[in-house]
Amino acid sequence: MTPNSEIINWDNIFSKSSEFQTNTPFQFAFIGNWLQKDFYEKLYETYPKIDDSWSTSSDLSRLQFYRLCTSDKKNVPGPSGDDPTLNKYWNQLKKTTESTEFCENFTKFSGVKVNRLKFFEFIAYKQGGFQLPHIHNVGPNTLILMIYFSKNWKHGSPGGTYMASEIDESSLIFEPYNLDNSFAIFHDSPKAAHGVRYITDDVQRRALQLELEYFSEDTGWSGDPKTMA
């Protein structure tokens, strides 16, 4: 049995491996139905309410809401263990994404060596939300996953994280519209431009962002959680 297959549909993920590895000008893919349906529905129904407990990133480049789930162990960077603010389903997902097997599978999928989860963060947009195209390029071995929990998204409507060939919205090359049990993944690199178009409708784009990286004691750890898509 493939690790974590009781909640993750690895066949759907690996079916896009070749597409991911051959896409240009940077590696990316979009994958649907990646979580087993019953488990996904439990997460969807209990997605954290966007309220005053969330932080806001608001400047000329973006307007977004975020909630970072951090480590429960002192002096350990990145997520680790249960988050007492989350229910058992979200903590099960969190533990799964922290597992060695999860990183090993995404290393196989992408060809990018990663060995740990760096960030587990809720990111949401409401009416008026946006993020201008940008590039992180925080390290050569980093994968970014934007996981969506928004049903009945209108085809063609902004809100999903788009991929672009340049730091310019007019160079958009892909934008997802199925934001229900799906995720976009890209290899963070000098050409990995992405963003979110300005949302005009009264909607909420609910998502979870994962950042997987290769970590070693020799290279250390660094990064700003407020660089998200």
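Relevant structure appears above.
So, here is what we can say about the structure in this document.

Calculation rules
- Residues numbered from 1 in each chain as written.
- Predicted model: local features only at pLDDT ≥ 70, side-chain atom pairs only at ≥ 80, totals over all residues.
- Heavy atoms only, no water.
- Salt bridge = Lys/Arg side-chain N within 4 Å of Asp/Glu carboxyl O.
- Helix = DSSP H or I, 4+ residues; strand = E, 2+ residues; numbered from the N terminus.
- Buried < 20%, exposed > 50% of the residue type's maximum accessible area, 1.4 Å probe, protein only.
- Phe/Tyr/Trp six-rings, centres within 6.5 Å; stacked < 30°, edge-to-face > 60°.

**Details of the pattern of salt bridges**
So, point 1. The final tally for this structure, using the stated rule, is 9 salt bridges.
So, point 2. Ionic pairing is found between Asp 59 and Arg 62, a salt bridge with its closest N-O pair at 3.9 Å.
So, point 3. With its nearest N and O atoms 3.8 Å apart, the salt bridge here joins Lys 118 to Glu 213. With Lys 118 in strand β4 (residues 116-125) and Glu 213 in strand β11 (residues 205-213), this pair connects stretches of sequence that are 95 residues apart. The burial state of Lys 118 is the same as that of Glu 213; both residues are buried.
So, point 4. Among the charged side chains, a network of salt bridges with common partners joins Arg 116, Lys 118, Glu 211 and Glu 213.

**Considering the environment of Arg 62**
So, point 1. Topologically, Arg 62 is positioned in strand β3 (residues 62-69).
So, point 2. For Arg 62 and Gly 195, which are 133 residues apart along the polypeptide, the C-alpha to C-alpha distance reads 9.2 Å.

**Let's talk about the packing of aromatic side chains**
So, point 1. Under the definition given, this model contains 23 aromatic pairs.
So, point 2. Ring geometry for Phe 26 against Phe 186: centres 6.3 Å apart, planes inclined by 80 degrees, an arrangement best described as edge-to-face. Here Phe 26 is found in the loop between α2 (17-22) and β1 (28-32), whereas its partner Phe 186 is found in strand β9 (residues 180-187), with 160 residues between them in sequence.
So, point 3. Judged by its relative accessible area of 1%, Phe 186 falls in the buried class.
So, point 4. When the centroid spacing of 6.3 Å and the interplanar angle of 50 degrees are considered together, the rings of Trp 54 and Phe 122 count as tilted. Residue Trp 54 is located in the loop between α3 (37-45) and β2 (55-59), and its partner Phe 122 is located in strand β4; the two are separated by 68 residues in the primary sequence. Across this residue pair, the class does not change: Trp 54 and Phe 122 are buried.

Function cannot be inferred from these measures alone, as they are strictly geometric.
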